[in-house]
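Now for the letters of each chain:
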Amino acid sequence: MVLSLYMRVFRIARTWQAQSGVASDTESERQYILQEACTLFRQNQQLTDQESIKKCIEECEARIEIGLHYRNPYPRATYLPPMGLATQKGRKMRAQQRLRKQAKPIYLESHDET
């Protein structure tokens, strides 16, 4: 399953055309797709827990579908919940961090918090 998903990403990168139609954009987006796939698959290759593997597969499939639908290989922006940028400390800050984590979409689970 994982290997077929990996090969699917490489096939998509090989045939990818940038929405702008500019050759340099197409090439840079192809390189991004390949680099991102290699990085994330290598990062997760040592996973043995079936639940973690399933989450990674779902994330990959979601990113593929979103990228194909919007013709944009880059991750979509996450939207912060209300009060997501407040600079408070203590209990309110922990609550805001929890809200940010809950607001993180499935297709960005592999990316670190920003």
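Under an unreviewed UniProt entry, the name given to the protein is Complex 1 LYR protein domain-containing protein, and the organism recorded is Perca flavescens. The UniProt entry for the protein carries this comment under Sequence similarities (unreviewed entry): "Belongs to the complex I LYR family."

A look at the pattern of salt bridges
Applying the stated criterion to the full structure yields two salt bridges. The residue Arg8 makes a salt bridge to Glu65 at a minimum N-O spacing of 3.0 Å. Here Glu65 lies in helix α3 (residues 50-70) and Arg8 lies in helix α1 (residues 2-15), a separation of 57 residues in the sequence. Classification of Glu65 by relative accessible area gives partly exposed; the value is 44%.

Some details on the environment of Met7
Structurally, the position occupied by Met7 is in helix α1. Looking at Met7, the relative accessible area reads 38%, which means it is partly exposed. Each C-alpha atom, one on Met7 and one on Ala37, is 9.9 Å from the other, the two residues being 30 residues apart in sequence.

A short note on the packing of α1 against α3
Here α1 crosses α3 at 20°, and the two axes come no closer than 11 Å. Put simply, α1 runs roughly parallel to α3. The way α1 lies across α3 gives a crossing that is left-handed. Where α1 abuts α3, its residues Val2, Leu5, Arg8, Val9 and Ile12 lie against Ile53, Ile57, Cys60, Glu61, Ile64, Glu65 and Leu68. By residue class, the composition of the contact of α1 with α3 is nine nonpolar, no polar and three charged.

Cut-off values and rules
Residues numbered from 1 in each chain as written. Predicted model: local features only at pLDDT ≥ 70, side-chain atom pairs only at ≥ 80, totals over all residues. Heavy atoms only, no water. UniProt positions renumbered as here; feature names shortened; annotations may be inferred. Salt bridge = Lys/Arg side-chain N within 4 Å of Asp/Glu carboxyl O. Helix = DSSP H or I, 4+ residues; strand = E, 2+ residues; numbered from the N terminus. Buried < 20%, exposed > 50% of the residue type's maximum accessible area, 1.4 Å probe, protein only. Axes fitted to C-alpha atoms, helices over the stretch in contact; angles between N-to-C directions. Parallel < 35°, antiparallel > 145°, perpendicular 65-115°, else oblique. Left-handed = near helix turned anticlockwise from the far one by under 90°. Contact = heavy atoms within 4.5 Å. Nonpolar A, V, L, I, M, F, W, Y, C, P; charged D, E, K, R; others polar.

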